[in-house]
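Below, each chain spelled out in residue letters.
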Amino acid sequence: MTKWSRIFIKSNVWIPLIAIVLGLLCGAIVMWIGGYNAWSAYSALWQKVSGSKYDIGETIRTITPLLFTGLSVGFAFRAGLFNIGADGQFIMGMTGATIVGIKLHGLPWIVHAPIAVIVGALVGGLWGAIAGVLKSSRGVNEVISCIMLNWIALYLSNYLVRTLVLEKGQQRSQMIQDSASLSIGWLSKAMDNARMDGGIWVALICVAVFYVLLWRTKQGYELRAVGHNADAAKVAGIDVKSSLLKSMMISGIFAGLGGVFEVLGVFHYQVISAASSGYGFDGIAVALLGGNHPIGILLGSILFGVLTYGSAGMNFTANVPTEIVRIVIGCIIFFVASHGFIQMLLNPRKPRRSSKKKGAVERGSDLGLG
Amino acid sequence: MKKAGMKSASLVLTLIVSLVLILSACGKSGGNNGAASPSAGSSASESPGASPSESASASPSAAPVDGKGKKIGMVTDVGGVNDKSFNQQAWEALQRIGKDTGAEVKYLESKKDADYETNLNQFVKGGYDLTWGIGFLFQDAAKKIADQNPNAKLAVIDTTVDAPNVESVTFKENEGSFLVGVVAGLTTKTNKIGFVGGMQLPVIKKFEAGFKAGVAAVNPNATVTANYVGDFSKPDLGKLAAATLYDAGNDIIFHAAGGSGNGVFNEAKDRLKAGNQVWVIGVDKDQAIEFGDDVTLTSMMKKVDQAVYTVTQDLLNGKFQGGLTNAKELGLAEGGVGLPEKNPNVPQDVLDKVEEYKQKIISGEIKVPTE
């Protein structure tokens, strides 16, 4: 209960709400300057997200990978690590699931699908663990190694898809076997052919796992202790090195799972792509929006997903050009992410005093914004 | 302290809410002006590329079609509508349709691969008369949406979809590339020719294969070296690849690398400034217009705009041709690919040779390989 109350203590409820309103207002000013009707644009956004069963389903589909990568980045933040490599772990998760989903034949669904999920998650986790090992054994800054590993992951997966599972004459892999599919057919039918899969349920389980692992186990206590102050944790007898490694691995598993469901649930194939989809980077924003708390990350991913999916409606229905739509979305995220600014507005004489307590959260936002 | 915080918070909120209301009221009057044209940005870029193809595409049916009340939609791939490549060409064609026929045209940009389906659906469910999907990756999305909405009409560029309500347009890039290969083979002084590709995809391989065959047909002693940069939007990588090829003695480079190809032109210009005349062969449209005649030998034009214009016009005339059997594959015979009309850097005897090979390809005497 205390945790719950902590998220909903007064100042914390006000800050995101005011931030969203300020962001919407700022976006409205931008649209007004551009000569567009802000009110109809925002109602178009809302209409696009909630207008039909199809749109609701597709919004959930948009939220799912954001939630996974948000959890991934948030988990690493809690242990004092900035996992900018969620993007690479996401891609490796996709690749692992794609190859297992295509190459294994003749297995029943109940065996094949879980194997594909587990392999994808593990590949993502191991990819995260590479940065973890480098950090814990040699002190290599995880930001640098992760950025490099992102590129390696992208090109390695393109290479693997092209050499192992390429559909002839196409720019993508073959279709995965039906036995590996995690799409939920009846739910898609019920949602007017929106792409529904098991991802959101697993993501919600991961939200719970995130919470239990960090706040209800000894292991999680150690991870958080390392995150607050690695030196103090070491003096207290905590194995800092293995904690760093573990947290990167778990973080990688979360991101990898995001990739797994993108392949097995949404696309059923993997595309050879020149650039990553960017879910890992969106995940950083989601984690920061959510203050690295599982519930916060869930809410952050919903906000981010709604804005992402709904922005097409602003373009389509209200005729706002995509460039302005992106500025508006940027404004909203900017205000939501700048806690300190809003706090200063609310209470100019006591800036940031109370937020000091949040430790890892602050570390996170400092890293992300500064 | 807490009370004060609450008070100021509610004050701020009231202020904001009232401001939002005022502003959105202001916006209402201004909004209608902007509603007619979704994007003003592309009108500026329309003028250089539009003129040559306009005359070409207007010819099939000169009488203006009345498209009033018809709605045409277009979904870009992740390149976006200002990609200086097929998305932009297609959108320019649709804008001309809008101007010529009075039809309502609109586009949606895809930010991620997952957006293809939802964006197509937006148009289809919005009752659009035709929805374009631009690019190779629309195959699966267009197939799915077409099957789910048998009454909707769709069209795709660069891929073939097996559905009765989808019209597919692909190009024989290998044939056009063969002709620029002929130009390169006859122009090279070092007998070394380079090719810079975006990514190793089947469609880019078609450019390379046709180009190599064209060079080999007229100059068996020349070698063609291919270099893939792995990206369609990185001019720095294109410049690097071009530098490597020019350093190795290649004096002509054909690029099929989208935005990365801008770097190839850049490198050629740098070398020209240093006193070395090297050549680039452009792609998709007449790139001499953008990069100048001093380095652009010629271009392999792929007339996406013309195809989009013609198919859309046909639809407005009630002549929509969906299904696999009606899939269009535009080559030299159909005028879908080829050299620009003006080639100031290519001597007449070379152009005569090009024309000779063009006729041989059209007559079927020469089969151009695709991979």
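Below you will find a few notes about this structure. (Residues numbered from 1 in each chain as written. Chains lettered and ligands numbered in written order. Predicted model: local features only at pLDDT ≥ 70, side-chain atom pairs only at ≥ 80, totals over all residues. Heavy atoms only, no water.)

### Some points on the sheet that holds strand β11 (residues 328-330) of chain B
All names here are of chain B.
Okay, step 1: Read from one edge of the open sheet, six strands run β2-β1-β3-β4-β5-β11, paired in parallel fashion. In this open sheet, the two strands that pair with only one neighbour each are β2 (104-108) and β11. Pairwise comparison of adjacent strand axes, ignoring direction, gives a mean angle of 20° for this sheet.
Okay, step 2: In this structure, strand β1 (residues 71-75) lies alongside strand β3 (residues 130-134), joined through four bridges in parallel fashion. In the sheet register, glycine 73 faces β3, and the bridge partner there is threonine 131. (Pairing = 2+ DSSP bridges. Helix = DSSP H or I, 4+ residues; strand = E, 2+ residues; numbered from the N terminus. Axes fitted to C-alpha atoms, helices over the stretch in contact; angles between N-to-C directions.)

### Topic: the pairing of strand β5 (residues 166-171) of chain B
Residues and elements named next belong to chain B.
Okay, step 1: Across the six residues that make up β5, a large majority, six, are buried.
Okay, step 2: The alternating pattern of β5 places Val166, Ser168 and Thr170 and Glu167, Val169 and Phe171 on opposite faces, both of which are buried.
Okay, step 3: With three bridges connecting them, β5 and β11 associate as parallel partners. Note on β11: the bridge partner recorded for phenylalanine 171 is leucine 330. (Buried < 20%, exposed > 50% of the residue type's maximum accessible area, 1.4 Å probe, protein only.)

### Things to note about the nonpolar core
Okay, step 1: Counting residues in each nonpolar core, the largest one holds 164 residues, and the members touching the most others are Met31 and Leu264 of chain A together with Trp132 and Phe211 of chain B.
Okay, step 2: With nine residues, helix α15 (residues 322-337) of chain A is the largest single contributor of residues to this core.
Okay, step 3: For this core, the two domains that each supply at least three residues are domain 1 (53-171 + 305-330) and domain 2 (173-301 + 341-363) of chain B.
Okay, step 4: Sequence-distant contacts of leucine 264 of chain A, defined by excluding residues within four places in its chain, comprise Ala97, Ala113, Ala116, Val117, Ile176, Ala180, Ser181, Leu182 and Ser183 of chain A.
Okay, step 5: Core analysis: the next-biggest nonpolar cluster, separate from the first, contains 24 residues, Leu81, Ile84, Cys146 and Ala255 of chain A among them. (Core = buried A, V, L, I, M, F, W, Y, C linked by side-chain atoms within 4.5 Å. Domains from an automatic or database assignment. Contact = heavy atoms within 4.5 Å.)

### Observations regarding the pairing of β3 of chain B
Residues and elements named next belong to chain B.
Okay, step 1: Burial analysis of β3 places five of its five residues in the buried class, which makes it a mostly covered element.
Okay, step 2: Burial along β3 is two-sided: Leu130, Trp132 and Ile134 facing one way and Thr131 and Gly133 facing the other are all buried.
Okay, step 3: Here β3 runs beside strand β4 (residues 154-157); their pairing, made up of four bridges, is parallel. Pairing of tryptophan 132 across the sheet is with alanine 155, part of β4.
Okay, step 4: Each parallel crossover has a hand, and for β3 linked through helix α5 (residues 138-148) to β4 it is right-handed. (Right-handed = clockwise from strand over helix to strand, strands pointing away.)

Purely geometric numbers; function is a separate question.
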